[in-house]
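Below, each chain spelled out in residue letters.
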Amino acid sequence: MDIDKLKAFSLVAEFGGLNKAAENLSVTPSWVSKQVYALQRELNCDLFFQGKRKFVLTEEGRTFLKSTNKILAELRKAEGLLEANQQSIAGEIVISTTNAMANLYMLDALAGFIKAYPAVRLTVVGSDDETHLVFGKVDVAVRPFMSSHEDFDKKDLWDSQMYLYASEDYIKTHGEPKTKEDLAKHRIISYGHYAAFPYREINWHLSLLPQDFQPFLSINSGAAMLKAVENGLGIAPISQMALHSKVPLVKLLPQYPGPSVKVYFYYPEGMRDSQKINELYEYLRKFFSKK
């Protein structure tokens, strides 16, 4: 049994299919399929119920996946320790972050690090969903509080206050709300209806509105909410960190500030002494401290 088979199995289980697993491994779907079927023959059991397009774990598959992820996690930990001992800043770093951060400023934040360490290969995964955050597949997570991160340590990176904003064009057309009661007369934008913690806190502004009030637009992306405000579509909560827009925006009702959005740098405990992980943290910390 080799590691390639375990990686292929774990990714097919995570994504429920061959294509995304193959994309993650930079191989073909047929290669992934061969690894999975070879593993099933080796174990002499079915790990998946296979439909036309979907791979669903069998009971044996669910049991084996737990052991597989532990093995891959230990392998990643060993690789991190080896890399730390070698004190080399090279190899791959897989960074998980939110959609908004990936779209708005993560590449700007990483530019200095990329130029300083050209031997490092970076993979940035933008997603507001935590389900892909599995130790052994992600090296670093730059995101707000994670509900489940027992395999990761964390360091503070920055925090940013939220306020309500609208564009100058919107204010010219619809007027400026002066009280929270005025908000009910305006076009309100919210983060998607089914936002999970910590993203549901972005909708703090809905508590200022009548209980039966319905936003005219909901988007499950902070970057898209900012874009909507820039285009004069309505009023939305925006983090101070995101205010790099060239479109003039107006802060509304500053007497009702939103939550402070704290963002952390998560990394596997086994990579605490990794030089490349520590260097990455320092570059990100310096970048965001200037904002």
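Preceding this paragraph is the structure being described.
So, how was this worked out
- Residues numbered from 1 in each chain as written.
- Predicted model: local features only at pLDDT ≥ 70, side-chain atom pairs only at ≥ 80, totals over all residues.
- Heavy atoms only, no water.
- Axes fitted to C-alpha atoms, helices over the stretch in contact; angles between N-to-C directions.
- Helix = DSSP H or I, 4+ residues; strand = E, 2+ residues; numbered from the N terminus.
- Parallel < 35°, antiparallel > 145°, perpendicular 65-115°, else oblique.
- Left-handed = near helix turned anticlockwise from the far one by under 90°.
- Contact = heavy atoms within 4.5 Å.
- Nonpolar A, V, L, I, M, F, W, Y, C, P; charged D, E, K, R; others polar.
- Buried < 20%, exposed > 50% of the residue type's maximum accessible area, 1.4 Å probe, protein only.
- Salt bridge = Lys/Arg side-chain N within 4 Å of Asp/Glu carboxyl O.
- Phe/Tyr/Trp six-rings, centres within 6.5 Å; stacked < 30°, edge-to-face > 60°.
- Lys NZ or Arg CZ within 6 Å of the ring centre and 35° of its normal.

*Asks:* Describe the packing of helix H6 (residues 106-116) against helix H9 (residues 275-289), with residues and values.
*Replies:* Helix packing geometry: the angle between the two helix axes and the distance between the axes. The contact between H6 and H9 brings their axes to 9 Å, and the two run at 130 degrees. The angle between the axes of H6 and H9 places the two elements in the oblique class. Here H6 and H9 pass one another in a crossing that is right-handed. For the pair formed by H6 and H9, the contact residues are Met106, Asp108, Ala109, Leu110, Gly112, Phe113 and Ala116 on the first element and Lys276, Glu279, Leu280, Tyr283, Leu284, Phe287 and Phe288 on the second. Here the residues of the contact of H6 with H9 sort into ten nonpolar, one polar and three charged.

*Asks:* I'd like to hear about unusual backbone geometry, residue by residue, with values.
*Replies:* Of note in the backbone geometry, Ser26 takes a positive phi value of approximately 60 degrees without being a glycine. Relative to the helices and strands, Ser26 resides in the loop between helix H2 (18-25) and helix H3 (29-43). On the accessibility criterion, Ser26 (68% relative accessible area) is exposed. Phi is positive for Asn44, close to 60 degrees, though the residue is something other than glycine. Mapping Asn44 onto the fold places it in the loop between H3 and strand E1 (48-50).

*Asks:* Before we move on, can you summarise the packing of H2 against H3 with the specific residues and values?
*Replies:* One can describe the packing of H2 onto H3 by two numbers: an axis separation of 8 Å at closest approach and a directional angle of 105 degrees. Between H2 and H3, the angle falls in the class roughly perpendicular. Of H3, the residues touching H2 (which contributes Leu18, Asn19, Ala21, Ala22 and Leu25) are Pro29, Trp31, Val32 and Ser33. Of the residues belonging to the contact of H2 with H3, the class tally is seven nonpolar, two polar and no charged.

*Asks:* How would you sum up the pattern of salt bridges? Please name residues and give values.
*Replies:* When the charged atoms of two side chains with opposite charge come close together, those side chains can pair. As enumerated under the stated definition, the model contains four salt bridges in all. With a shortest N-O distance of 3.6 Å, Lys178 and Glu176 are connected by a salt bridge. Looking at Glu176, the relative accessible area reads 33%, which means it is partly exposed.

*Asks:* So what's going on with the packing of aromatic side chains? Which residues, and what values?
*Replies:* Enumeration over the complete set of coordinates arrives at 13 aromatic pairs. Centroid distance Tyr105 to Phe288: 5.7 Å. Interplanar angle 75 degrees. Geometry classified as edge-to-face. With a gap of 183 residues between them, Tyr105 in the loop between helix H5 (99-104) and H6 and Phe288 in helix H9 connect regions that are remote in the sequence. Judged on exposure class, the residue Tyr105 and its partner Phe288 are both buried. Plain terms: the ring middles of Phe287 and Phe288 are 5.0 Å apart, the flat faces sit at 85 degrees to each other, and that makes the pair edge-to-face. Taken together, Phe9, Phe48, Phe55 and Phe64 form an aromatic cluster joined through their ring pairs. Above the plane of the ring of Tyr163 lies Lys251, whose end atom (NZ or CZ) is 4.1 Å from the centre.

By themselves these figures say nothing about function.
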